[in-house]
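Descriptive analysis of the structure
Below are the chains, spelled out letter by letter.
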Amino acid sequence: MIGITILVDEHKNIVHFTNILEGKLVDVLDHGDLDTDYFRKCIRFIREYADGHHHKKEEGLLFEKILDELGAVAEKLVRGGMLVEHDLARYTVGEWEKSLQAYDEEPTSLNKLNILSHGMAYVYLLRRHIIKEDGVLYPFAEKNLSEASKHEINEKTEQLEAEKPDFSEFTEFFIA
């Protein structure tokens, strides 16, 4: 299924990003130098690529079809699992951004710790989340969605891909 293949490929980019982010956070811990502009660029990548582009296809196409067609199990899996985790990731990024602002205003050890903590919370959350989507949700969808729904998801995914923004400013840092 083309739509799911593209989502899995995007997950590879996002996992690659979490690996780079983890390394940068450890570097701050080891050396103390904190570049808030770099971490703001990370947040932009998350909001524009992971949340804006990737989640647009998941939430607006795949999850919608799963919820429309597949009943109570889908309801629990999507609403009680994946969407809750998407919201938690958005919350974590918002708290991370607040920590960056607080550090800019007052560069204390506590504010630095909050930056490291929220950054790592995002890393851990996304890694676990992607394992669930790739290993459970996507196979469930491929096995159980109607052929018509799969076809519609594929077509709409290809259309969104053709219209996707230019992510080249992030390529050297984030795209695997």
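Along each chain, numbering runs from 1 in the same order as the chain's sequence is written. For this predicted model, a pLDDT threshold of at least 70 governs which residues receive local features, and a threshold of 80 or more governs which side-chain atom pairs are given and counted, while totals over whole chains, interfaces and linings are taken from all residues. With hydrogens and water stripped out, all remaining heavy atoms of the structure feed into the side-chain values.

Some details on the side chain of Glu10
Our working rule: Helix and strand definitions follow DSSP, with helices as H or I runs of at least four residues and strands as E runs of at least two, each counted in order from the N terminus. Only protein chains enter the calculation, and the probe is 1.4 Å; a residue is then buried if its accessible area is under 20% of its type maximum, exposed if over 50%, and partly exposed in between.
Within the fold, Glu10 resides in helix 1 (residues 2-31). Assessed through its relative accessible area of 4%, Glu10 is described here as buried.

As for the packing of helix 2 (residues 36-69) against helix 5 (residues 147-162)
Applicable threshold: Each axis is a line fitted through C-alpha atoms, taken for helices only over the stretch in contact, and angles between the N-to-C directions span 0 to 180 degrees. Angle categories: roughly parallel below 35 degrees, roughly antiparallel above 145, roughly perpendicular from 65 to 115, and oblique for all the rest. Rotating anticlockwise by less than a right angle from the far helix to the near helix defines a left-handed crossing, while the corresponding clockwise rotation defines a right-handed one. Contacts are assigned to residue pairs with any non-hydrogen atoms lying within 4.5 Å of each other. Side-chain classes are defined by residue name, with Ala, Val, Leu, Ile, Met, Phe, Trp, Tyr, Cys and Pro counting as nonpolar, Asp, Glu, Lys and Arg as charged, and the others, Gly among them, as polar.
One way to put it is that helix 2 packs onto helix 5 with a least axis distance of 11 Å and a crossing angle of 165 degrees. Relative to helix 5, the element helix 2 is oriented roughly antiparallel. Remark: the crossing between helix 2 and helix 5 carries right-handed chirality. Where helix 2 abuts helix 5, its residues His53, Lys56, Lys57, Leu61, Leu62, Lys65 and Glu69 lie against Ser149, Glu152, Ile153, Lys156, Thr157, Leu160 and Glu161. Taken together, the residues that form the contact of helix 2 with helix 5 break down as 4 nonpolar, 3 polar and 7 charged.

Remarks on empty space enclosed by the protein
The line we're drawing: Here a cavity denotes grid points, spaced 1 Å and computed from the protein atoms alone, that fit a 1.4 Å probe unable to get out, and a pocket denotes an open set having protein on both sides within 12 Å along at least 5 of 7 lines; residues with an atom within 4 Å of a point are the lining. Grid points are joined across faces, edges and corners, and a volume is the space filled by probe spheres set on the points.
Scanning the model with the defined rule gives 1 cavity of 30 Å³ or more in all. Roughly 30 Å³ of internal volume is contained in the largest cavity. Taken together, His55, Glu85, His86, Ala89, Leu125, Leu126 and His129 make up the full set of residues lining the largest cavity. Of all the elements in the fold, those that place two or more residues in the lining of the largest cavity are helix 3 (71-105) and helix 4 (109-144). A per-class count over the lining of the largest cavity returns 3 nonpolar, 3 polar and 1 charged.

As for the layout of surface pockets
Taken as a whole, the largest pocket encloses approximately 150 Å³ of empty space. Asn13, Tyr49, Glu161, Lys164 and Phe167 are, among the 13 residues lining the largest pocket, the residues nearest its centre. If one sorts the elements of the lining of the largest pocket by residue count, helix 1 sits on top with 4 residues. Across the lining of the largest pocket, the residue classes tally to 5 nonpolar, 4 polar and 4 charged.

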